[in-house]
Amino acid sequence: MTSKGHLIARCARLSACALVLNSAIGGAWAQAPAQPVPAQMPPAPLPMSGPAPPGQQMTLEQAAPVVMPTPAPPGQGTIRRITVEGTQRIEPDSVLSYLLLRVGQPYDPAVADRSLKVLFDTGLFSDVRMDWDGMALTVRVVENPILNQVVYEGNSALSDTDLNKEVQVRPRMVFTRARVQADVQRIIELYRRSGRFAATVEPKIIQRPQNRVDLVFEINEGPTTGVAAINFIGNRVFSDSDLRDQIATTTSAWWKFLSTNDNYDPDRLTFDREQLRRFYLARGYADFRVISAVAELAPDRRNFYITFTVDEGDLYHFGNVQIQSQIRDLNPGSLQSLLLTQQGDVYNADLIDKSIEALTFAAGTQGFVFVDIRPRVQRNPATKTIDLFYEINEAPRVYIERINITGNTRTRDEVIRREFRLSEGDAFNRVLADRSRTRIRALGFFKDVTIKEDPGTTPDRTVLTVNVTEQPTGELSLGAGYSSQQGLLLDFSYTERNLFGRGQFVRANISVGTFQKDYDFRFTEPYFLGRPLAAGFLVYKVITDFSQFLGYVSDVSAVGLSLSFPVSEFGRLSPHYNFAYTQITPTSNTTSTAVLLAAGSYTASSVGYTYTYDTRDDPILPTKGWNFFLTQDVAGLGGDLDYLRTSLGVENYHPFFFNLIGEFALNAGYISGYGGKEIPINERFFKGGPSFRGFQIAGIGPRDTVANVAIGGQFFAIGTYQVRLPDILPPDYGIRLSAFSDFGTVGLIHGQNTLCTVSSCIKDDLAMRVTAGIAVNWKSPFGPVEIDVGYPILKRSYDKPQAIRLSTGVQF
């Protein structure tokens, strides 16, 4: 927008005038920069012919006077003519349409007064008067000006976009004093909610030709008002420190420069009250209440002192806990084991909610989708127990009238609808609705997915509104890894998971690093021929130069075809075929017998399948559930290699104390030749780096210690236990921490001479390795960043550790 300085300069060239509205909203308009007009000086009457000429400076009453309608003149007679004067933009016929008097009617002063009020209520006029001469009625109006533009000056903490969302006035709207006053209040309230209670707003207008004005909001943001102290009164069981940990508001400190909760926000204070209530209810204090939450502003207006007055009440335990079912075929006895609330335990309101969820889900799986479960509690003050009754009633059936999809600015509706487990006309099912949300989230196209139920046209109809928030699905990725042995590794790739909004996947990768050059292109159509059948192909070439550590260079060129289709709600089968040409070239300094024996070229033609079973509650950030996969490939349908390769993996996510999320993962694989053929080095398993943190790529497993090269193993088993730690920074920063421990082994080489000679000494002992460390994931503005810091606890002397591993990417 044009700055205020430019506006005033242009105003001077056009002989326009600048008007200032007192920041107290109801104060007087004052000439800027001259002194305010004394209150006792009466304003000059506003000329009825229209706005003031350019260059005239006016007080508030002159610019936007608070005009009381002038009473209609008395008189009588028949109206012979009605004339409208003073209009500029508005047609006289429009003014006549608001009048309650018509030509030929008797003149009535009371009806004329009502006509004046109607004209004022339109907001189009700053003044309206009527003259009556016994035959002709003359209506004289002064139109309100039109807003030319709206400008903000002095705002830095809040952007123009943030302010425009709150301010109601817009260019080309009719300017009125009331609208400006209301918007000043909105801006001040917005600043207060961001912790700036000393902010002031001074609106100014600059007169333009043709009865137009520019509106400038001059903003003095003032300092951020912090929180000096948070105190609690009435708490006996839990300390002030314990309670401060439960609320969102925090005290201000210089080292909390990244925090956004260290200022006073009335809405956040309401949220804090609810957080305290939930905290006490989850610990047995059923009578807890927050008596008051008071925020007092210090005299210097720089800090607030917040005081919560609470009444903790007495500690309660669960008494008698029963399930009362009004549905004949739903046996309460079979549901009793699902309850998390047990007699004698400390009362916990959270466990009641979780028990209701478990009962609802169990009823849904048994075919009772429409159930209404209400907890009924009965306090026993004498024994300090609470009897709890879960009443299960059959709810009326509700059918889906319509499914609306909003927020998908790029992704097509059909891509979202085909993941839905419900259709229009179906009976509503909460379990299937939740499953539909999980499937849509699993696409990876959306940052957030919500399904809202709105009333339909009749009581037994509902409208489902699916609101999605698009997120970047294209990625320009730059990966990097570092260790004292390897130095820096880089790779570059382009990936688009939602091509043209159709859900198609395409990836083109060119990776050039110290040891590897990788070129590949792959494409997948998720709904081939309009059916839930994914079809794709890939072409790739990988040149791996492990001269320094493995003693050879491999060159692999391959093509592949794949299909994928669901076999159950959670299971999926993916058959595939690959043909690869591999050439292994030992380096000039290679002394490893295993590498020299594998030298040459060969082809492999393999067919296989992958079966997956995924019950995770969220594919992006799961908190519970299982994920399992099994892959098998058979080579021998042509080509030079004959082998059977099997890989499997299982993951389990589970919450435990302090709201932490644990993840256990186990991956294993085995490859064996048949027909008397051995497994070449390039087809074995090499683990390390991202697959075993704390070691470099190919840093563990069988190794020729004389040549100092890894030769891979035919078997591996690697487990991981990882705990997602609580956020130490606000969620908006997108930083997540995890503590991990990787453990496992790699080894087992059939037909390989493990005796040590002058030229070769192969170590293959299937020894256990264990590492521990911290993983940092940051969803940065320029793309995902992951840093793994791992330390080996158990290792062999010939293993190659890696202390830090970094990967980053750029999303679009």
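Residues numbered from 1 in each chain as written. Predicted model: local features only at pLDDT ≥ 70, side-chain atom pairs only at ≥ 80, totals over all residues. Heavy atoms only, no water.

S.K.: If you had to explain the overall build of the chain to someone new, which residues and values would you point to?
M.R.: Each helix and strand in the chain was counted, giving 13 helices and 36 strands. When each of the 812 residues of the chain is scored for burial, the buried share is 43%. Intrachain contacts of the chain at a sequence separation of at least 6 include 60% that bridge at least 24 residues. Only carbon and sulfur atoms are counted for the fraction: they give 56% of the accessible area of the chain, which is about 40,300 Å². (Helix = DSSP H or I, 4+ residues; strand = E, 2+ residues; numbered from the N terminus. Buried < 20%, exposed > 50% of the residue type's maximum accessible area, 1.4 Å probe, protein only. Contact = heavy atoms within 4.5 Å. Areas by Shrake-Rupley, 256 points an atom, 1.4 Å probe, with all protein chains shown as cover.)

S.K.: Please set out a nonpolar patch on the surface residue by residue, giving values where relevant.
M.R.: Side chains of Phe521, Phe537, Val539, Val559, Leu561, Tyr577, Phe579, Val607, Val634, Leu637, Leu644 and Tyr674 sit close together on the surface and give an oily, nonpolar patch of about 980 Å² of accessible area. Listed by contribution, the elements that provide at least two residues to the nonpolar patch are β22 (534–545), β23 (552–566), β24 (571–586) and β26 (625–639). By the secondary structure assignment, Tyr577 is in strand β24. Look at Tyr577 and you get partly exposed, because its relative accessible area is 31%. (Patch = residues over 30% accessible without salt bridge, like charges linked within 9 Å, V, L, I, M, F, W, Y side chains within 5 Å. Salt bridge = Lys/Arg side-chain N within 4 Å of Asp/Glu carboxyl O.)

S.K.: Describe unusual backbone geometry, with residues and values.
M.R.: The phi torsion at Arg172 lies on the positive side, around 75°, for a residue other than glycine. The phi dihedral of Leu766 falls on the positive side, at around 50°, and the residue is not glycine. Checked against the element boundaries, Leu766 lands in the loop between β33 (762–763) and β34 (769–780). Residue class for Leu766 comes out partly exposed when judged on its relative accessible area of 37%.

S.K.: Which residues make up the pairing of strand β25 (residues 600–614), and what values go with them?
M.R.: Remember that side chains alternate between the two faces of the sheet whenever the strand is regular. Pairing of β24 with β25, which is carried by 14 bridges, proceeds in the antiparallel orientation. In the strand pairing of β25, Gly571 is matched with Tyr613. Relative to β26, β25 runs antiparallel, the two sharing ten bridges. Looking at the pairing, Gly608 lines up with Asp633 of β26. (Pairing = 2+ DSSP bridges.)

S.K.: Account for the sheet that holds strand β11 (residues 303–311), naming residues and giving values.
M.R.: Strand order in the open sheet formed by three strands is β9-β11-β10, with mixed pairing between adjacent strands. A strand with exactly one partner marks an edge of an open sheet, and here the two such strands are β9 (226–233) and β10 (289–297). Going across the sheet, the axis of each strand differs from the next one's by a mean of 15°, ignoring polarity. Relative to β11, β10 runs antiparallel, the two sharing eight bridges. Among the inter-strand pairings, Leu297 is bridged to a residue of β11, identified as Phe304. Relative to β10, helix α8 (residues 266–281) is tilted by about 150°, and along the sheet it contacts β9, β10 and β11. (Axes fitted to C-alpha atoms, helices over the stretch in contact; angles between N-to-C directions.)

S.K.: Lay out the environment of Gln105 in plain terms, naming residues and giving numbers.
M.R.: Tracing the sequence through the fold places Gln105 in the loop between α3 (92–98) and α4 (109–121). When the C-alpha positions of Gln105 and Gly77 are compared, they lie 8.7 Å apart, and in sequence the two are 28 residues distant. Those residues in contact with Gln105 that lie beyond four places of it in its chain are Gly77, Thr78, Ile79 and Leu100.

S.K.: Got a sec to walk through the pattern of salt bridges? Specific residues and values, please.
M.R.: Note that side chains of opposite charge can pair when their charged atoms are close. In total, this model carries 31 salt bridges according to the counting rule given. For the salt bridge of Asp127 with Arg129, the shortest nitrogen-to-oxygen distance reads 3.3 Å. For Asp127, a relative accessible area of 3% gives the class buried. For Arg129, a relative accessible area of 37% translates into the label partly exposed. Where Lys384 meets Asp314, a salt bridge forms, and the shortest distance between an N and an O atom there is 3.9 Å.

S.K.: Quick one: what's the story with the nonpolar core, residue by residue and with numbers?
M.R.: If you look at the biggest cluster of nonpolar residues, it comprises 24 residues, and the most contacted ones within it are Tyr347, Tyr390 and Ile392. Mapped by element, the contributors of at least two residues to this core are β12 (317–325), α10 (349–365), β13 (371–380) and β14 (385–394). Top element by residues in this core is α10. It accounts for six residues. When neighbours within four sequence positions are excluded, Ile392 is seen to be in contact with Ile323, Gln324, Ser325, Gln326, Ile327, Leu330, Leu335, Val371, Asp372 and Ile373. Within the second largest apolar cluster, 22 residues are counted, among which are Phe692, Ala707, Ile749 and Ile762. (Core = buried A, V, L, I, M, F, W, Y, C linked by side-chain atoms within 4.5 Å.)

S.K.: Any chance you could break down the side chain of Thr771 for me, citing the residues and the numbers?
M.R.: Note that Thr771 resides in strand β34. On the basis of relative accessibility, which here comes to 0%, the residue Thr771 falls in the buried class.

S.K.: Can you lay out the environment of Thr495 for me, pointing to particular residues and giving the numbers?
M.R.: Examined against the element boundaries, Thr495 turns out to sit in strand β19 (residues 487–499). As a C-alpha pair, Thr495 and Leu476 span 19 residues in sequence and 6.7 Å in three-dimensional space. Not counting residues up to four positions away in its chain, the partners in contact with Thr495 are Thr473, Gly474, Glu475, Phe505, Val506 and Arg507.

S.K.: Outline α8, listing residues and values.
M.R.: For α8, built from 16 residues, the straight-helix expectation of 22 Å at 1.5 Å per residue is met to within 8% by its first-to-last C-alpha distance of 23 Å. Those residues of α8 that sit buried are Arg268, Leu269, Asp272, Leu276, Phe279, Tyr280 and Leu281. Where α8 begins, the side chain of Asp265 points an oxygen toward the backbone nitrogen of Asp267, at a separation of 3.0 Å. (Expected span 1.5 Å × (residues − 1). Polar contact = N/O pair within 3.5 Å; in protein donor to acceptor, adjacent residues only side chain to side chain.)

S.K.: Explain the packing of aromatic side chains to me, using residue names and the numbers behind them.
M.R.: Taken as a whole, this structure holds 17 aromatic pairs when the rule is applied. Look at Tyr280 and Phe288: their rings are 4.0 Å apart centre to centre, the planes differ by 5°, and that puts the pair in the stacked class. In this structure Tyr280 comes out as buried when scored by relative accessible area, which is 0%. According to the relative accessible area criterion, Phe288 is buried, its value standing at 6%. (Phe/Tyr/Trp six-rings, centres within 6.5 Å; stacked < 30°, edge-to-face > 60°.)

S.K.: Tell me about the sheet that holds strand β3 (residues 81–85), and name the residues and values.
M.R.: Read across the open sheet, the three strands follow the order β3-β5-β4; overall the sheet is mixed. The outermost strands of the open sheet, each flanked by one partner alone, are β3 and β4 (125–132). When the angles between neighbouring strand axes are averaged without regard to direction, this sheet yields 15°. Note: β3 against strand β5 (residues 136–143), five bridges, orientation parallel. Counterpart to Arg81 in the pairing with β5 is Ala136.

S.K.: Please give an account of the confidence of the model for the chain that cites residues and values.
M.R.: Within the chain, residue pLDDT values average 80, and 83% of them lie at 70 or more. Within the chain, the lowest mean pLDDT, 32, falls on strand β2 (residues 29–31), and the highest, 94, falls on strand β31 (residues 715–724). Within the model, the stretch residues 1–62 combines pLDDT values under 50 with 106 contacts to residues more than four positions away or in other chains. Here residues 481–487 is modelled with pLDDT under 50, and outside its nearest four sequence neighbours on either side it reaches 18 contacts, counting other chains as well. (pLDDT = per-residue confidence, 0-100.)

S.K.: Break down the side chain of Ser355 for me, with residues and values.
M.R.: Positionally, Ser355 belongs in helix α10. Take Ser355: its relative accessible area is 0%, and that puts it in the buried class. Contact partners of Ser355, with chain neighbours within four places excluded, come to Leu339, Leu340, Thr341 and Tyr390.

S.K.: Any details on helix α12 (residues 430–442)? Residues and values, ideally.
M.R.: Spacing of three or four residues puts side chains on the same side of an α-helix, whose turn is 3.6 residues. Here α12 contains 13 residues, and its C-alpha end-to-end distance of 18 Å stays within 8% of the 18 Å for a straight helix at 1.5 Å per residue. Of the residues making up α12, those classed as buried are Ala433, Arg435, Ser436, Thr438, Arg439, Ile440 and Arg441. Tucked into the core, α12 has its buried residues touching α11 (413–417), β16 (446–455), β17 (461–470) and β25. Gly444 occupies a position one or two residues after α12 and carries a positive phi of about 80°.

S.K.: Please give an account of the environment of Gln322 that cites residues and values.
M.R.: Inspection of the secondary structure assignment puts Gln322 in strand β12. Along the chain, Gln322 and Gln342 lie 20 residues apart, while their C-alpha atoms are 9.7 Å from each other.

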